Amino acid sequence: MDFIDQNIFPLFLLMIGALLFMDAITNFQQKGVSKISTGNRFQGILITGLITLGLLVYTTSNKYWDINSLFLALSPILVPFIIMIMQRKKDEIHIKKYEPQKVMDILEKKLNDKRYSFNKDVKANEDYISSNYITKYYLDDSNQTIKIKWKDLETSGLEVEFQNFADKDFINEVVGDLREERPPISFFKFNKISLIISAIAIYIGSMQLLGF
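The structure displayed is predicted, hence computed values, not measured ones.

Enquirer: What am I meant to see in a nonpolar patch on the surface here?
Expert: Where nonpolar side chains cluster on the molecular surface, the patch consists of I8, F9, F12, M15 and L19 and spans about 490 Å² of accessible area. Summarising the element assignment, M15 is placed in helix α2 (residues 8-29). A residue is classified by how much of its surface remains accessible, and M15, at 41% relative accessible area, is partly exposed.

What follows is the structure in structure tokens.
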């Protein structure tokens, strides 16, 4: 325990570096295409809450927690929890460095294969600069919509939102098609920023632990 107390900051840097490296591996395995659902959001909030509570309990000298102290400690978790509840009917696909038109071609082909009829609308996202766009697909005879946020670039980060979409298998199939159709990617080029930050954090943490 004394070792942890005396080296809490370098150990924290090592943990951050390791998490970033593991995240880079996960992104590479998923080919930059990840599905976000209510279950994923709840799991992330739960893990964050447990880590926050553990750090507070470990670093505080107050061994007797009443309900007010516990509420204060976990209050930062309430905002993402409320957002999760509000987004319970929404599934998302987050895509890194992909050609926007290719994404839309894959989605439209899947919609046509499943015989979903739809209307398409494209407009600039006025919340950002003019190179940001939103493409919406309105499915006929339902309140189901698909919204794609993308940038007018050769390769772009994209967010695909499925609102009130009951066919979860369809979403999984879109994720699979996006991964399958993606050209080969380099692990180091694809995760360059994450790997650089990870290496810096691990290097500084290791040097401090060794006394340099």
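Enquirer: What should I look at first to understand a positive patch on the surface in this one?
Expert: Together, K96, K97, K189 and K192 give the surface a local cluster of positive charge. A relative accessible area of 38% means that K96 is categorised as partly exposed.

Enquirer: How should the nonpolar core be read in this particular structure?
Expert: Generally speaking, nonpolar side chains in soluble globular proteins are found buried as a group. Counting 23 residues, the largest nonpolar core has I93, I95, L107, I146, F162 and L178 as its most contacted members. Elements with a minimum of two residues in this core: β2 (90-98), α5 (100-113), β4 (132-139), β5 (145-151), β6 (156-163) and α6 (168-181). When neighbours within four sequence positions are excluded, L178 is seen to be in contact with V33, I93, I95, Y98, V103 and I106.

Enquirer: Explanation requested: unusual backbone geometry in the structure shown.
Expert: The phi dihedral of K97 is positive, around 50°, even though this residue is not glycine. Relative to the elements of secondary structure, K97 occurs in strand β2. Accessibility expressed as a relative area gives 44% for K97, which makes it partly exposed. Unlike most non-glycine residues, R115 shows phi in positive territory, near 60°. Of note, R115 is situated in the loop between α5 and β3 (118-124). Classification of R115 by relative accessible area gives exposed; the value is 76%.

Enquirer: Could you clarify how one ought to interpret the packing of aromatic side chains in this entry?
Expert: Aromatic ring pairs are described here by two measures, namely the spacing of the ring centres and the angle between the planes. What the rule picks out here adds up to nine aromatic pairs. For the ring pair Y133 and W150, a centre distance of 5.0 Å and an interplane angle of 20° mean the geometry is stacked. A residue pair is termed long-range when its members are at least 10 positions apart, and Y133 in strand β4 and W150 in strand β5 qualify at 17 residues. With a relative accessible area of 24%, Y133 lands in the partly exposed category. Through successive ring pairs, a cluster of aromatic residues spans Y116, F162, F165 and F170.

Enquirer: So what exactly am I meant to see when it comes to the packing of α5 against α6 here?
Expert: Between two packed helices, what matters for the description is the angle formed by their axes and the separation of those axes. Running from N to C, α5 and α6 point in directions that differ by 135°, and their axes come no closer than 10 Å. Relative to α6, the element α5 lies oblique. Of the two possible hands of crossing, α5 and α6 adopt the one that is right-handed. Taken together, the residues of α6 that come into contact with α5 (itself represented by K102, V103, I106, L107, K110 and L111) are F170, E173, V174, D177, L178 and E181. Split into classes, the residues belonging to the contact of α5 with α6 amount to seven nonpolar, no polar and five charged.

Each value, and the rule that gives it
- Residues numbered from 1 in each chain as written.
- Predicted model: local features only at pLDDT ≥ 70, side-chain atom pairs only at ≥ 80, totals over all residues.
- Heavy atoms only, no water.
- Patch = residues over 30% accessible without salt bridge, like charges linked within 9 Å, V, L, I, M, F, W, Y side chains within 5 Å.
- Areas by Shrake-Rupley, 256 points an atom, 1.4 Å probe, with all protein chains shown as cover.
- Salt bridge = Lys/Arg side-chain N within 4 Å of Asp/Glu carboxyl O.
- Helix = DSSP H or I, 4+ residues; strand = E, 2+ residues; numbered from the N terminus.
- Buried < 20%, exposed > 50% of the residue type's maximum accessible area, 1.4 Å probe, protein only.
- Lys, Arg positive; Asp, Glu negative; His and termini not counted.
- Charge placed at Lys NZ, Arg CZ, Asp CG, Glu CD.
- Core = buried A, V, L, I, M, F, W, Y, C linked by side-chain atoms within 4.5 Å.
- Contact = heavy atoms within 4.5 Å.
- Phe/Tyr/Trp six-rings, centres within 6.5 Å; stacked < 30°, edge-to-face > 60°.
- Axes fitted to C-alpha atoms, helices over the stretch in contact; angles between N-to-C directions.
- Parallel < 35°, antiparallel > 145°, perpendicular 65-115°, else oblique.
- Left-handed = near helix turned anticlockwise from the far one by under 90°.
- Nonpolar A, V, L, I, M, F, W, Y, C, P; charged D, E, K, R; others polar.

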